[in-house]
Amino acid sequence: MINIEELTGICDKLGCRITPECSLREYITFRFGGPCRALISINSAETAAELMKYFRERSVKYGILGRGSNIIVPDDGFDGVILLFGSDFANITVEGTKIHCEAGALLASACVHAQQAGLSGLENLFGIPGTVGGALYMNAGAYGTEIKDIIVSAEYIDSDCSIHTMLPEDMDLSYRHSVFSGTDKIITSVTMQLKEGESDAIKASMNECMAKRSSKQPLDYPSAGSTFKRPAGSYASLLIDQCGLKGMTCGGAMVSEKHSGFVVNKGYATCSDVLELCEKVQKIVKEKTGYILELEPVILR
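Draft legend 1. Examining the overall build of the chain more closely. Within the chain one finds seven helices and 18 strands. In terms of overall size, the chain behaves like a compact globule, its C-alpha atoms giving a radius of gyration of 20 Å where 301 residues would be expected to give roughly 19 Å. Principal-axis analysis of the C-alpha atoms places the extent of the chain at approximately 55 × 50 × 30 Å. The burial tally for the chain puts 50% of its 301 residues in the buried class.

Encoded structure:
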């Protein structure tokens, strides 16, 4: 049972913002989905830990949201409280060749901070539309670089609602996976090790990466990014192309005609449209090629 009045009082004491019955469609890049019971904007690791403790003591359902770039929200929404790791918890500091980011910091902002400080190592990740916390959660990567290549440490809240530090050797980092994936551990900050470089050259590399994304990916449509994980031995987009599914639609959802690895929202898609289309693609690809495609975005349940 969620007591909104009591929860609002707690948020006031913690200095964080709360929005009851908040629509989530504007908080995810797919631009659809129903409301949550309340959305709380996290302002510190301590605030998140206090709220987690409160939720667990009262058996309150809660979920975590960052930039919302790898999330699918059901049409009927989320019957619980969402903790938003966004602009209120997005501080970035550079110390020597290390960059420290609060979990709500945009990965793109971290890339710009690094470039301005003449630090190289993040430029291939420029343009990934997510937070630094989310990037570590799924070990985000692009153009030969993954978070696992540069991570030094992460601060997180464990199931005991206390704050801990974890080193890379304990993170179980692999393709689109970390030890945090699918668990109740919440990443609160990330520290990455970069190397000295030339600011103008780093900026040129960032621009090149963004140009590649713009030319190959359907950035003009709302989406959750790559829709399917890369299956061992092939590529999702290649398999979907081979099956002739580019441009396939279901309601307002469509397999992108520009890059078939993306299911996009034509402007009026529902969660049901997207999931139905994904299921059809998975079924046809399996029948025709034998490959099993796994969804990359997380469904908020």
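The discussion continues.
Draft legend 2. Focus on the sheet that holds strand β17 (residues 263–265). Across the sheet, three strands lie side by side as β15-β16-β17; this open sheet has antiparallel pairing. Looking at strand neighbours, the two that pair on one side only are β15 (249–250) and β17, the edges of this open sheet. As defined by bridge partners, β15 adjoins strand β16 (residues 253–255) across two bridges and the pair is classed as antiparallel. Paired with C250 across the two strands is A253, which belongs to β16. This element, helix α7 (residues 271–289), spans β15, β16 and β17 of the sheet and lies at about 30° to β16.

Draft legend 3. Expanded view of the layout of surface pockets. In this model, the second largest pocket occupies a volume close to 230 Å³. Taken together, 18 residues line the second largest pocket, and the ones lying closest to its centre are G66, R67, G86, S87 and L106. Its residues placed into classes, the lining of the second largest pocket shows seven nonpolar, seven polar and four charged.

Draft legend 4. Structural view of α7. Over its 19 residues, α7 runs 27 Å from end to end, which matches the ideal 27 Å to within 8%, given 1.5 Å per residue. All buried positions along α7 are accounted for by C271, D273, V274, L275, L277, C278, V281 and V285. Positive phi appears at G290, one or two residues downstream of α7, with a value of about 90°.

Draft legend 5. The sheet that holds strand β3 (residues 62–65), seen in detail. Spatially, the four strands line up as an open sheet ordered β1-β2-β5-β3, and their pairing is mixed. Edge positions in the sheet fall to β1 (17–23) and β3, since each of these pairs with one other strand and no more. Pairwise comparison of adjacent strand axes, ignoring direction, gives a mean angle of 25° for this sheet. One ladder, built from six bridges, connects β1 with strand β2 (residues 35–41); its direction is antiparallel. Its bridge partner being in β2, P20 is matched across the sheet by A38.

Conventions and cut-offs
Residues numbered from 1 in each chain as written. Predicted model: local features only at pLDDT ≥ 70, side-chain atom pairs only at ≥ 80, totals over all residues. Heavy atoms only, no water. Helix = DSSP H or I, 4+ residues; strand = E, 2+ residues; numbered from the N terminus. Rg over C-alpha atoms; globule rule 2.2 N^0.38 Å. Buried < 20%, exposed > 50% of the residue type's maximum accessible area, 1.4 Å probe, protein only. Pairing = 2+ DSSP bridges. Contact = heavy atoms within 4.5 Å. Axes fitted to C-alpha atoms, helices over the stretch in contact; angles between N-to-C directions. 1 Å grid on protein atoms, 1.4 Å probe; cavity = no way out; pocket = protein on both sides within 12 Å on 5 of 7 lines; lining within 4 Å. Points joined across faces, edges and corners; volume = space filled by probe spheres on them. Nonpolar A, V, L, I, M, F, W, Y, C, P; charged D, E, K, R; others polar. Expected span 1.5 Å × (residues − 1).

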